[in-house]
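Listed here are the chains, written in short residue letters.
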Amino acid sequence: METCFFCKGKLKEDYSNYMADLNGHFIIIKNVPCHKCSQCGEVSFGGTTVAKIEEIISKLNVTLTEVAIVDFVA
């Protein structure tokens, strides 16, 4: 099992929300797979997940309104 970079607690597979501010436009991506520390709650994302987040943000950038809330689909 992996350990947390900050507190050395145990990481568990979980889901989280990802929020980004893109030039004053807010994007919230729900249900993003992550590793969450059971001790301090720190969240980290794997490389594949980060690539998918970037793809979602890139697609939303074209039609972005002030606030966009989307669901992460693996």
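Residues numbered from 1 in each chain as written. Predicted model: local features only at pLDDT ≥ 70, side-chain atom pairs only at ≥ 80, totals over all residues. Heavy atoms only, no water.

**Concerning the overall build of the protein chain**
Consideration 1: For the protein chain, the count of helices and strands is 1 helix and 4 strands.
Consideration 2: Along its sequence from the N terminus, the protein chain presents helices and strands in the succession β-β-β-α-β.
Consideration 3: Buried positions account for 24% of the 74 residues belonging to the protein chain.
Consideration 4: With an accessible surface of roughly 5,200 Å², the protein chain has 53% of that area assigned to carbon and sulfur atoms.
Consideration 5: Each charge sign in the protein chain was given a centre, from 7 positive and 9 negative side chains, and these centres are 7 Å apart. (Helix = DSSP H or I, 4+ residues; strand = E, 2+ residues; numbered from the N terminus. Buried < 20%, exposed > 50% of the residue type's maximum accessible area, 1.4 Å probe, protein only. Areas by Shrake-Rupley, 256 points an atom, 1.4 Å probe, with all protein chains shown as cover. Lys, Arg positive; Asp, Glu negative; His and termini not counted. Charge placed at Lys NZ, Arg CZ, Asp CG, Glu CD.)

**Brief notes about the nonpolar core**
When a protein is soluble and globular, its nonpolar side chains tend to lie buried together.
Consideration 1: Counting residues in hydrophobic clusters, the biggest one holds 11 residues: Ala-20, Ile-27, Ile-29, Val-32, Ile-53, Ile-56, Ile-57, Leu-60, Leu-64, Ala-68 and Phe-72.
Consideration 2: Ranked by residues supplied to this core, first place goes to helix 1 (residues 47-62) with 4 residues. (Core = buried A, V, L, I, M, F, W, Y, C linked by side-chain atoms within 4.5 Å.)

**Examining a nonpolar patch on the surface**
Consideration 1: A grouping of Phe-26, Val-67 and Ile-69 is seen on the molecular surface, where their side chains present a nonpolar patch of about 280 Å² in accessible area.
Consideration 2: Within the secondary structure layout, Phe-26 lies in strand 2 (residues 25-37).
Consideration 3: Residue Phe-26 is classed as partly exposed on the basis of its relative accessible area, which comes to 40%. (Patch = residues over 30% accessible without salt bridge, like charges linked within 9 Å, V, L, I, M, F, W, Y side chains within 5 Å. Salt bridge = Lys/Arg side-chain N within 4 Å of Asp/Glu carboxyl O.)

**Regarding the pairing of strand 1 (residues 11-22)**
Consideration 1: Of the strand pairs in this sheet, strand 1 and strand 2 are connected by 11 bridges, and their pairing is antiparallel. Its bridge partner being in strand 2, Asp-14 is matched across the sheet by Cys-34.
Consideration 2: Hairpin connection between strand 1 and strand 2: a loop of 2 residues separates the two successive antiparallel strands, and Asn-23 in this loop has a positive phi of roughly 55 degrees. (Pairing = 2+ DSSP bridges.)

**Concerning the side chain of Thr-49**
Consideration 1: Of note, Thr-49 is situated in helix 1.
Consideration 2: The residues touching Thr-49, leaving out its near neighbours within four places in the chain, are Val-32, Pro-33 and Phe-72. (Contact = heavy atoms within 4.5 Å.)

**Regarding the pattern of salt bridges**
Consideration 1: Here the structure, examined in full by the defined rule, presents 3 salt bridges.
Consideration 2: When the shortest N-O distance is used, the salt bridge between Glu-55 and Lys-59 registers 3.3 Å. Here the residue Glu-55 and the residue Lys-59 both occupy positions in helix 1, the gap between them amounting to 4 residues, near one helical turn.
Consideration 3: Using a relative accessible area of 36% as the deciding quantity, one classes Glu-55 as partly exposed.
Consideration 4: Classification of Lys-59 as exposed rests on a relative accessible area of 57%.
Consideration 5: Because the salt bridges share partners, they merge into one network encompassing Lys-12, Asp-14 and Lys-36.

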